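Spelled out from the first residue to the last, the chains are:
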Amino acid sequence: MATTDRQATTLALAHALSAAERGLAVLPLSRSKLPALRSPHRDDPAPSPCHGACGRLGHGVYDASSDPDRIRELFAAAPWATGYGIACGLPPHHLIGLDLDVKTGTDSSAALRELALRHLFTIPPTVVVVTPSGGRHLWLSGPAEVVVPNSAGRLAPGIDIRGAGGYLVGPGSRTGQGVYAAAPGTAHLAPASCPRSLLRLLLPPPRAHHALPASAGGHGQGLVQFVLAAHEGQRNTRLFWAACRAYEDGIGPALVDPLADAARATGLSEREARATIASAARMTGHRP
């Protein structure tokens, strides 16, 4: 490994340990901002949602820990890591991340200000992380009893939400695009409480409950949970795989609505979810 890479890994570990001292659960990331450790189930013919129950490393955000010994173990297993992710939705902060992007050609900061004016909330002083592209991550703390899902562009164009099952790239991380850094004067702050009116906007609207038919059995529920466990970068892949298994096992039509609901909870749009399920139906020789 090049000296610069070793230095980046050492710095990433130091920053990760510092974040853990604040109660944040972390995991090592590669320069691509993806989890540095590959899944131990990647070669399994029929991978199942394990979430780390197998005891091996490589389960993405489910590896995240605030225990210093565990963090050192994770980084020792991934000496190529140059950054770290901070898991959202976990105690004590129940972190919610507002990702204000600048690469889409939209003014996400202006969109957030418009939302604040329209719904009568203000963003209190909180941790702000500046991304290499010039975007910003705003850290907020949510209530323990509320699960905020990940979403992309649902709140407003250019604003992505990192919630339960997601993670934020931590300040001090080095990626292929550059370094993430805390905005001046914010590094010492604790994540501020998410305004109630904003929190309501982050939650998906109530939907009719699609009960699984008895014919779907535990396998059908397992496929739905597999989709619910997806984080960014896995959502379409997990949904497609689960839908293919459902159609192959003869329960595809019964799981269309539950799988679509699960995909929406991870941040996919209704259109994206339905299109992916339809593709799985065609791939397995069924009519969507």
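In this text the structure is predicted, and so the values were computed from the model without any measurement. (Residues numbered from 1 in each chain as written. Predicted model: local features only at pLDDT ≥ 70, side-chain atom pairs only at ≥ 80, totals over all residues. Heavy atoms only, no water.)

Visitor: A description of the sheet that holds strand 1 (residues 26–29) should follow, citing residues and the corresponding values.
Guide: Strand order across the open sheet formed by three strands is 1-2-8, with antiparallel pairing between neighbours. Among the strands making up the open sheet, the edge pair consists of strand 1 and strand 8 (167–169). The average angle at which neighbouring strand axes cross in this sheet is 35°, direction not considered. The pairing of strand 1 with strand 2 (residues 83–87) spans four bridges and is antiparallel. Residue pairing in the sheet places Leu-29 in a bridge with Gly-83 of strand 2. (Pairing = 2+ DSSP bridges. Helix = DSSP H or I, 4+ residues; strand = E, 2+ residues; numbered from the N terminus. Axes fitted to C-alpha atoms, helices over the stretch in contact; angles between N-to-C directions.)

Visitor: I'd like a description of the packing of helix 7 (residues 252–266) against helix 8 (residues 270–283), backed by residues and values.
Guide: Two elements in contact, helix 7 and helix 8, have axes separated by 9 Å at closest approach and are oriented at 135°. Relative to helix 8, the element helix 7 lies oblique. Read as a crossing pair, helix 7 and helix 8 show a hand that is right-handed. The residues of helix 8 that touch helix 7, namely those facing Val-256, Asp-257, Leu-259, Ala-260, Ala-263 and Arg-264, are Glu-270, Ala-273, Arg-274 and Ile-277. For the contact of helix 7 with helix 8, the class distribution of residues is six nonpolar, no polar and four charged. (Parallel < 35°, antiparallel > 145°, perpendicular 65-115°, else oblique. Left-handed = near helix turned anticlockwise from the far one by under 90°. Contact = heavy atoms within 4.5 Å. Nonpolar A, V, L, I, M, F, W, Y, C, P; charged D, E, K, R; others polar.)

Visitor: Summarise the nonpolar core; cite the residues concerned and give the values.
Guide: Judged by nonpolar contacts, the single largest core of 33 residues is most densely connected at Val-26, Ile-71, Phe-75, Tyr-84, Ile-86 and Trp-139. Where this core is concerned, the elements lending two or more residues are helix 1 (3–21), strand 1, helix 2 (68–77), strand 2 and strand 8. The biggest single contributor to this core is helix 1, with five residues. The contacts of Ile-86, once residues within four sequence positions are left out, are Leu-24, Ala-25, Val-26, Leu-95, Trp-139, Gly-166, Tyr-167, Leu-168, Gly-170 and Pro-171. Counting 23 residues, the second-largest nonpolar core is a separate cluster that includes Leu-239, Cys-244, Leu-255 and Leu-259. (Core = buried A, V, L, I, M, F, W, Y, C linked by side-chain atoms within 4.5 Å. Buried < 20%, exposed > 50% of the residue type's maximum accessible area, 1.4 Å probe, protein only.)

Visitor: Any details on helix 7? Residues and values, ideally.
Guide: Counting along an α-helix, one turn takes 3.6 residues, and residues three or four places apart therefore face a common direction. Taking 1.5 Å of rise per residue, the 15 residues of helix 7 would be expected to cover 21 Å, and the 20 Å separating its terminal C-alpha atoms lies within 8% of that figure. The largest bend in helix 7 comes to about 30°, at Pro-258. Along helix 7, the positions that sit buried rather than exposed are Gly-252, Leu-255, Val-256, Pro-258, Leu-259, Ala-260, Asp-261, Ala-262, Ala-263 and Thr-266. In the stretch just after helix 7, Gly-267 is the one whose phi turns positive, near 120°. (Expected span 1.5 Å × (residues − 1). Bend = angle between axes of the 7 residues up to and from the residue.)

Visitor: Describe unusual backbone geometry, with residues and values.
Guide: Cis geometry marks the peptide bond from Pro-91 to Pro-92; its omega dihedral reads 5°. Mapping Pro-92 onto the fold places it in the loop between strand 2 and strand 3 (95–100). Positive phi values are uncommon outside glycine, yet His-94 reaches one of about 50°. Residue classification places His-94 among the buried positions, given a relative accessible area of 15%. Of note, the phi angle at Leu-120 is positive, near 60°, even though the residue is not glycine. Along the chain, Leu-120 turns up in the loop between helix 3 (108–119) and strand 4 (128–130).

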